[in-house]
Amino acid sequence: GENVEQHPSTLSVQEGDSAVIKCTYSDSASNYFPWYKQELGKRPQLIIDIRSNVGEKKDQRIAVTLNKTAKHFSLHITETQPEDSAVYFCAASRPSNYQLIWGAGTKLIIKP
Amino acid sequence: DVKVTQSSRYLVKRTGEKVFLECVQDMDHENMFWYRQDPGLGLRLIYFSYDVKMKEKGDIPEGYSVSREKKERFSLILESASTNQTSMYLCASSWGGRVVEKLFFGSGTQLSVL
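Not measured: the values here are computed from a predicted model.

1. With respect to the interface of chain B and chain A
Now for step 1: Listed by partner, the interface residues are 23 residues for chain B and 17 residues for chain A.
Now for step 2: In this assembly, chain B packs against chain A so that about 1,800 Å² is buried in total across both faces, 51% of it on carbon and sulfur atoms.
Now for step 3: Its largest share of buried area at the contact with chain A, chain B owes to B:Leu43, B:Glu101 and B:Phe105, together 26% of the area lost on that side.
Now for step 4: In this assembly, chain B and chain A are joined by two salt bridges.

2. Here we look at the sheet that holds strand 7 (residues 64-70) of chain B
All names here are of chain B.
Now for step 1: Sheet architecture is open: four strands sit in the order 1-3-8-7, paired in antiparallel fashion. The open sheet is flanked by strand 1 (4-6) and strand 7, the only strands paired with a single partner. Shown here is a sheet whose adjacent strand axes are inclined to one another by a mean of 20°, direction ignored.
Now for step 2: Pairing analysis gives three bridges linking strand 1 to strand 3 (residues 19-25), with the strands arranged antiparallel. Note that in strand 3 the partner of Val4 across the bridge is Gln25.

3. Structural notes on the sheet that holds strand 1 (residues 4-7) of chain A
Residue and element names in this part refer to chain A.
Now for step 1: With antiparallel pairing, the five strands of this open sheet are ordered in space as 1-3-8-7-6. Pairing within the sheet leaves two strands with one partner each, and these edge strands are strand 1 and strand 6 (56-59). Averaged over neighbouring strand pairs, the angle between their axes works out to 15° when direction is ignored.
Now for step 2: Two strands pair when backbone bridges link them, and strand 3 (residues 19-25) and strand 8 (residues 72-77) are joined in this way by six bridges, in the antiparallel orientation. Counted as the bridge partner of Ala19 is Ile77 from strand 8.

4. A word on the state of the cysteines
Now for step 1: Taken as a whole and assessed by the stated rule, the structure comprises two disulfides over all chains.
Now for step 2: The side chain of A:Cys23 participates in a disulfide bridge whose partner is A:Cys90; the two sulfur atoms lie 1.9 Å from each other. On the S-S bond that ties A:Cys23 to A:Cys90, the torsion sits near -100°, and the link is left-handed. Placement of the pair is A:Cys23 in strand 3 and A:Cys90 in strand 9 (residues 86-93), with a sequence separation of 67 residues.
Now for step 3: Here B:Cys23 engages in a disulfide with B:Cys91; their sulfurs sit 1.9 Å apart. Classification of the bridge connecting B:Cys23 and B:Cys91 rests on its S-S torsion, roughly -75°, and on that basis the disulfide is left-handed.

Thresholds, definitions, all that
Residues numbered from 1 in each chain as written. Chains lettered and ligands numbered in written order. Predicted model: local features only at pLDDT ≥ 70, side-chain atom pairs only at ≥ 80, totals over all residues. Heavy atoms only, no water. Contact = heavy atoms within 4.5 Å. Buried area = accessible area lost by both parts, 1.4 Å probe. Salt bridge = Lys/Arg side-chain N within 4 Å of Asp/Glu carboxyl O. Pairing = 2+ DSSP bridges. Helix = DSSP H or I, 4+ residues; strand = E, 2+ residues; numbered from the N terminus. Axes fitted to C-alpha atoms, helices over the stretch in contact; angles between N-to-C directions. Disulfide = S-S within 2.5 Å.

Structure follows, in structure tokens:
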């Protein structure tokens, strides 16, 4: 069935280094790929999204890349800071009902 | 600023009880959603609604029902709570249109069924 696989489940990086989280989707007709950030005890919030007609999108220290051929997309965070510590979820649109299929989440730990 | 408010942050219920989780949004969004969040499983869609009195099943609707009598309010009902429904429940809303885009989430209700 349709699914989104997200790796790694936990990522620990030194403050100032870069972090990369990868997701793979199964339905080639998916055309919308958002990333949400959930800080501890808080609600998920959209941080960046990309559509299938674009290969890359940047917003300050975060970027998302999409490889439609391989059916995967990645979140890149540069110059990581303590406030980047959170769980990050990727998702892909499901063409059959226009809803989102979610990855399992990645816990990002920024080490001081 | 969009506000999605869930009525309870923590809830403890007994097996077999009927449970109501309430969600209210103040941005006149057409779309509303109920998700449950479990560690290692991401977010799973229970039910969603595109408009008042409309509802559609998500991926895991069994054991749940919903009600949307007013545009701003979307209720999740556990007809007979069971221990496997212990979870974090997240309500969300978004602008209209069939394609779901930016979701605004509530703070969540952590439900424990004993």
